[in-house]
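Results of the structural survey
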Amino acid sequence: WQLETSSVIQASARIYYMPLIIRFKVKIDKLGCIHTTPASGNFYLAIYSALNEAPDERIAVSNNTVCNGTNQKEQVDITPSEISLTPSLYYVALEADNITDAYWQSQKNIAQVRNPENVNNGPSFYIEDLPSYTQPPLTASPEFSIGDGVARTYLVWTRVSSVLA
């Protein structure tokens, strides 16, 4: 994967869904992302369950968060304050309120990963355009997207608070 350090959001109120594969039982209590430059506006992060390898039901969501500035790690609380995940496919979602905010992203042959004909390349990435900037919906209505620039796979993370037996 190649890191890009200045990748702006392509549409206000667009949710980017990135796959998250959990291989053992964990508890998660925070989500995070990294702003680059320019950095402005607000964002939400969320975790969704998967159904038929696509985002489905929202499990946790952050508050509407104000960007802390250029080149800042953003680690945010979620509601509920801690969630337990079992081995499965999930999706982490990022939504911003403007098209000038920039986040770290990875780019390398993402179009091949996202192409349904290449099913052996792992889970797909999705987008969802909302009518306006608001908290990510309880139920996702994702669009399979291969054409959004070079795929815009933003680097987001989960903080594991404990590993369960």
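To be clear, the structure that these remarks concern was listed above.
Residues numbered from 1 in each chain as written. Predicted model: local features only at pLDDT ≥ 70, side-chain atom pairs only at ≥ 80, totals over all residues. Heavy atoms only, no water.

1. Details of the overall build of the protein chain
- Scanning the protein chain from terminus to terminus reveals one helix and 14 strands.
- Per-residue burial over the protein chain gives 48% buried out of 165 residues.
- In the structure as shown, the protein chain presents an accessible area of about 7,900 Å², 49% of it carried by carbon and sulfur atoms. (Helix = DSSP H or I, 4+ residues; strand = E, 2+ residues; numbered from the N terminus. Buried < 20%, exposed > 50% of the residue type's maximum accessible area, 1.4 Å probe, protein only. Areas by Shrake-Rupley, 256 points an atom, 1.4 Å probe, with all protein chains shown as cover.)

2. With respect to the packing of aromatic side chains
- Under the definition given, this model contains three aromatic pairs.
- Residues tyrosine 17 and tyrosine 48 carry aromatic rings whose centres are separated by 5.3 Å and whose planes lie at 85° to one another, so their mutual orientation is edge-to-face. Here tyrosine 48 lies in strand S4 (residues 42-51) and tyrosine 17 lies in strand S2 (residues 14-22), a separation of 31 residues in the sequence. With respect to class, tyrosine 17 is no different from tyrosine 48; both count as buried.
- Taken together, a centroid distance of 5.8 Å and an interplanar angle of 75° make the contact between tyrosine 91 and tyrosine 126 edge-to-face. Separated by 35 residues along the polypeptide, tyrosine 91 in strand S9 (residues 88-96) and tyrosine 126 in strand S11 (residues 126-129) bring together distant segments of the chain. (Phe/Tyr/Trp six-rings, centres within 6.5 Å; stacked < 30°, edge-to-face > 60°.)

3. Let's talk about the nonpolar core
- Ile28, Phe43, Leu45, Ile83, Leu85, Leu94 and Val156 are the most contacted members of the largest nonpolar core, which has 24 residues in total.
- Listed by contribution, the elements that provide at least two residues to this core are S2, strand S3 (26-34), S4, strand S7 (73-79), strand S8 (83-85) and S9.
- When residues no more than four places from it in sequence are discounted, the contact partners of isoleucine 28 are Ile47, Ile78, Ser81, Glu82, Ile83, Leu85, Thr158, Arg159, Val160 and Ser161.
- Counting 14 residues, the second-largest nonpolar core is a separate cluster that includes Ala46, Leu89, Tyr91 and Ala140. (Core = buried A, V, L, I, M, F, W, Y, C linked by side-chain atoms within 4.5 Å. Contact = heavy atoms within 4.5 Å.)

4. Some remarks on the pairing of strand S5 (residues 54-62)
- Bridge analysis of S4 against S5 gives five bridges, and the strand direction is antiparallel. Within S5, the residue paired with alanine 46 across the bridge is valine 61.
- Taken together, S4 and the strand that follows it, S5, pair antiparallel across an intervening segment of two residues, in which asparagine 52 is found at a positive phi of about 55°. (Pairing = 2+ DSSP bridges.)

5. Remarks on the pairing of S3
- Of all nine residues that make up S3, eight are buried, and the element is covered over most of its length.
- Summarising the sheet, S3 and S8 pair through three bridges and their orientation is antiparallel. Looking at S8, one finds that isoleucine 28 is bridged to isoleucine 83.
- By the bridge criterion, seven bridges tie S3 to strand S14 (residues 156-163) in an arrangement that is antiparallel. Across the sheet, cysteine 33 pairs through a bridge with valine 156, a residue of S14.
- Bridge analysis of S3 against S7 gives five bridges, and the strand direction is antiparallel.

6. Thoughts on the pattern of salt bridges
- This model, assessed by the stated rule, comprises three salt bridges.
- Note that arginine 14 and aspartate 129 form a salt bridge whose closest N and O atoms lie 2.7 Å from each other. A residue pair is termed long-range when its members are at least 10 positions apart, and arginine 14 in strand S2 and aspartate 129 in strand S11 qualify at 115 residues.
- Between aspartate 77 and lysine 30 there is a salt bridge, with its nearest N and O atoms 2.2 Å apart. Of this pair, aspartate 77 sits in strand S7 while lysine 30 sits in strand S3, and the two are 47 residues apart along the sequence.
- Assessed through its relative accessible area of 17%, lysine 30 is described here as buried. (Salt bridge = Lys/Arg side-chain N within 4 Å of Asp/Glu carboxyl O.)

In short, shape yes, function no, at least from these values alone.
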